[in-house]
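Observations on chain architecture
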Amino acid sequence: MEVSVWQSGAPGEPLSRATAHLPEPAEDELVLEVLHCGLCHSDVSMLDNAWGLSSFPLVPGHEVVGRVCAVGPGVNPDLIGQLRGLGWISGSCRHCIRCLGGDANLCGSLESTIVGRQGGFASHVMAHQDWAVPIPDSVAPEDAGPLFCGGVTVFAPLIDEAVSPTARVAVIGIGGLGHLALQFARAWGCEVTALTTTPAKRQEAIGFGAHEVVALADLGGCAGRFDLIINTSNHSLDWAAVIGALAPRGRLHQLGAVLEPIPVAAFDLIATRRSITGSPTSSPASLVKMMEFCGRHGIRPAVEHLPMAELNTAIERLRRGDVRYRFVLDGPA
Ligand SMILES: [Zn+2]
Ligand SMILES: [Zn+2]
């Protein structure tokens, strides 16, 4: 079928509307008619080819909310008409030991929504059925898009590592990911601290669920305190202070794709059994559980809506950090 897409012809170039060919859905695949798509910082990294993964013309967009409009062989045709959400991953092999073990996001042959294929800033997008997860009635679909990348990325360290509700959790960076991490950690039952370089966001961080807001520069006053630090920032930090703020057995969980190495003194880990971890989104099962959790606790992304035709404006503003807290571009493309 012919579909409408927003594509960039070369690294750094603005997007323009074009027509593309979408093949018939293959075995296990379905097509979503795109209603809304969130804008993630990874879209900008891909548009700049910052990770060397991009192929042009590039159609970004991997926080999709859409309606199933066609299904391939092996997919229940009753799904047509259902509202589903799609994030960074659009397919996995379903047969390897990672897929079979419930860690499909760690599959060795993942298909990523905007790597080598057409993403969600389009009239239609394709996905394997496992990775386009249903949106329950309890979640507002117009604001749900950011949950499928930013949301599940910060939900993963809580659910996949079975964090205790008595844990002291700190979140670094109160942005597109961090504002959701605060909501999740608060609803999880944890003691929640927001760590920020922007004192102006203090009241908003408390509104998202932080019990306390601490300036990153004052982290030295939190030595030995946190069981889990979720770092959404992609900037280099005073790493000794960050690791020093971990309690014994505490864990720094890195989500921001900082490109410089993180230096760590072995003794800061050894003496207190601290650790440093990271994770890429999560499994389809965690996506489904996250959606139920959001519905039950009233968790929703704080979004600014723009029509998809204003995608370039949204990208420019995201580059400047001028968004609270996530853009959602509304279709039709
Ligand atoms: Zn993303
Ligand atoms: Zn697999």
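Worth saying up front: this structure is predicted, and the values here are computed from it rather than measured.

Within helix H10 (residues 311–319) the residues assigned to the buried category are Leu 311, Ala 314, Ile 315, Arg 317 and Leu 318. Projected down its long axis, H10 carries its buried residues within an arc of 165°, all on one side. Looking at the buried positions of H10, the neighbouring elements they touch are strand E1 (2–7), strand E3 (29–39), helix H1 (41–47), strand E16 (303–307) and strand E17 (326–330). Immediately downstream of H10, the backbone of Gly 321 shows phi near 75°, a positive value.

Right, let's get into the coordination of the zinc ion (ligand 2). Protein ligation of the zinc ion (ligand 2) involves Cys 93 (SG), Cys 96 (SG), Cys 99 (SG) and Cys 107 (SG), the donor distances falling in the range 2.3 to 2.4 Å. Around the zinc ion (ligand 2), the four donor atoms are arranged such that angles at the metal cover 105 to 115°; this shape is classified as tetrahedral. In the primary structure, the donors to the zinc ion (ligand 2) are separated according to the pattern C-x2-C-x2-C-x7-C. Classification of Cys 93 as partly exposed rests on a relative accessible area of 25%. Residue Cys 99 is classed as buried on the basis of its relative accessible area, which comes to 13%.

Let's shift gears to a nonpolar patch on the surface. Nonpolar side chains collect at one region of the surface, where Trp 51, Leu 53 and Leu 259 lie side by side and expose about 310 Å² of accessible area between them. On the secondary structure map, Trp 51 appears in the loop between H1 and strand E4 (64–71).

To continue, consider helix H4 (residues 150–159). Three- or four-residue spacings in an α-helix give side chains the same orientation, since the helix completes a turn every 3.6 residues. Along H4, nine of the 10 residues are buried, which leaves the element largely enclosed by surrounding structure. Along H4, the residues that are buried comprise Gly 150, Gly 151, Val 152, Thr 153, Val 154, Phe 155, Ala 156, Pro 157 and Leu 158.

What follows deals with the packing of H4 against helix H9 (residues 284–297). Contact geometry for H4 and H9: axes closest at 10 Å, N-to-C directions at 95°. In this view, H4 runs roughly perpendicular relative to H9, as classed from their interaxial angle. Every residue of H9 that contacts H4 at Gly 151, Val 152, Phe 155 and Ile 159 is listed here: Ser 286, Leu 287, Lys 289, Met 290 and Phe 293. A class-by-class count of the residues in the contact of H4 with H9 yields six nonpolar, two polar and one charged.

On domain assignment, one finds that the chain holds domain 1 (2–149 + 300–330) and domain 2 (161–278). Carbon and sulfur atoms make up 59% of the surface buried where domain 1 meets domain 2, a total of about 910 Å² over both sides. Together, Arg 324, Tyr 325 and Arg 326 form the three largest contributors to the area buried by domain 1 at its contact with domain 2, with a combined 56%. Between the two partners, domain 1 and domain 2, sit one salt bridge. Scanning the region where domain 1 abuts domain 2 turns up four residue pairs in polar contact (both at pLDDT 80 or more). Each residue belonging to the side of domain 1 that touches domain 2 can be placed in one class, and the counts come to six nonpolar, one polar and three charged.

Now for the coordination of the zinc ion (ligand 1). Taken together, Cys 40 (SG), His 62 (NE2) and Cys 149 (SG) make up the full set of protein donors to the zinc ion (ligand 1), lying 2.0 to 2.2 Å away. Look at where the donors of the zinc ion (ligand 1) fall in the sequence and you get C-x21-H-x86-C. Linking Cys 40 in the loop between E3 and H1 with Cys 149 in the loop between helix H3 (141–144) and H4, this pair joins segments that are 109 residues apart in sequence. The same class applies to Cys 40 as to Cys 149, namely buried.

Right, let's talk about the packing of aromatic side chains for a bit. All chains considered together, the criterion is met by seven aromatic pairs. Taken together, a centroid distance of 4.9 Å and an interplanar angle of 50° make the contact between Phe 155 and Phe 184 tilted. Linking Phe 155 in helix H4 with Phe 184 in helix H5 (residues 178–188), this pair joins segments that are 29 residues apart in sequence. For the pair Phe 155 and Phe 184, one class covers both residues: buried. Ring centres of Phe 155 and Trp 188 lie 5.7 Å apart, and the angle between their planes is 80°; on these two criteria the pair is classed as edge-to-face. Note that Phe 155 is positioned in helix H4 and Trp 188 in helix H5, a separation of 33 residues in sequence. In textbook terms, an aromatic cluster arises when at least three aromatic residues are bridged by ring pairs, as seen for Phe 155, Phe 184, Trp 188 and Phe 293.

Time to look at the state of the cysteines. What is meant by a disulfide is a covalent connection between two cysteines, made through their sulfur atoms. Evaluated as defined, the whole model comprises zero disulfides. Among the cysteines around Cys 222, which has no disulfide bond, Cys 190 carries the closest sulfur, lying 16 Å off.

What follows is about the sheet that holds strand E11 (residues 191–196). Strands sit in the order E12-E11-E10-E13-E14-E15 across an open sheet of six strands; the sheet is parallel. The open sheet has two edge strands, strand E12 (212–215) and strand E15 (275–278), and neither has a second partner. The mean inter-strand angle of the sheet, taken between neighbouring strand axes irrespective of direction, is 20°. Against the sheet, H5 contacts strand E10 (168–172) and E11, and its axis sits at roughly 165° relative to E11.

What counts, and at which threshold
The written sequence of each chain sets the order in which its residues are numbered from 1. All chains are assigned letters beginning at A, and all ligands numbers beginning at 1, according to the order in which they are written. This being a predicted model, a pLDDT of at least 70 is required before a residue's local features are given, and a value of 80 or more before pairs of side-chain atoms are given or counted; all residues contribute to the totals for chains, interfaces and linings. Values reported for side chains reflect all heavy atoms of the structure, with hydrogen atoms and water molecules removed beforehand. Under the scheme applied here, a residue whose accessible area is under 20% of the maximum for its type counts as buried, over 50% as exposed, and between as partly exposed, the area being computed with a 1.4 Å probe on protein chains only. Helix and strand labels come from DSSP, where a helix needs a run of H or I of at least four residues and a strand needs a run of E of at least two; each type is numbered from the N terminus. Note: the arc covers the axis-to-C-beta directions of the helix. Contacts between residues were defined by any pair of non-hydrogen atoms, one from each residue, lying within 4.5 Å. Think of the donor list as every N, O and S atom within 2.8 Å of the metal, or within 3.2 Å for Na, K and Ca; water never makes the list, so a site can look incomplete. Geometry is assigned from donor-metal-donor angles: four donors are tetrahedral when every angle falls between 85 and 135 degrees, four are square planar and six octahedral when opposite donors sit over 155 degrees apart with all other angles between 65 and 115, and any other arrangement is irregular. Patches were defined on residues exceeding 30% relative accessible area and lacking a salt bridge, with like-charge contacts within 9 Å and nonpolar side-chain contacts (Val, Leu, Ile, Met, Phe, Trp, Tyr) within 5 Å. Areas reported as accessible are Shrake-Rupley estimates using a 1.4 Å probe. Residue values count occlusion only from the protein chains shown. In what follows, salt bridge is the name for a side-chain nitrogen of Lys or Arg lying within 4 Å of a carboxyl oxygen of Asp or Glu. Lines are fitted to the C-alpha atoms to define the axes, a helix being fitted only along its stretch in contact, and any angle between axes, read from their N-to-C directions, falls within 0 to 180 degrees. Under this scheme an angle from 65 to 115 degrees is roughly perpendicular, one under 35 degrees roughly parallel, and one over 145 degrees roughly antiparallel; angles in between are oblique. Think of it as three bins: nonpolar holds Ala, Val, Leu, Ile, Met, Phe, Trp, Tyr, Cys and Pro, charged holds Asp, Glu, Lys and Arg, and polar takes everything else, Gly as well. As used throughout, domain bounds are those supplied by an automatic or database domain assignment. Accessible area that two parts lose when put together, evaluated with a 1.4 Å probe and summed over both, is termed the buried area. In the analysis that follows, any N or O atom pair within 3.5 Å is treated as a polar contact, provided that within protein one partner can donate a hydrogen and the other can accept it, and provided that, for residues neighboring in sequence, both atoms belong to side chains. Only rings of Phe, Tyr and Trp enter the pairing, Trp through its six-membered ring, and a pair is recorded when the two centres are within 6.5 Å. The plane angle decides the type: under 30 degrees is stacked, over 60 is edge-to-face, the rest tilted. Disulfides are defined as cysteine sulfur pairs within 2.5 Å. Here the rule is simple: two strands pair whenever DSSP picks up at least two bridges between them.

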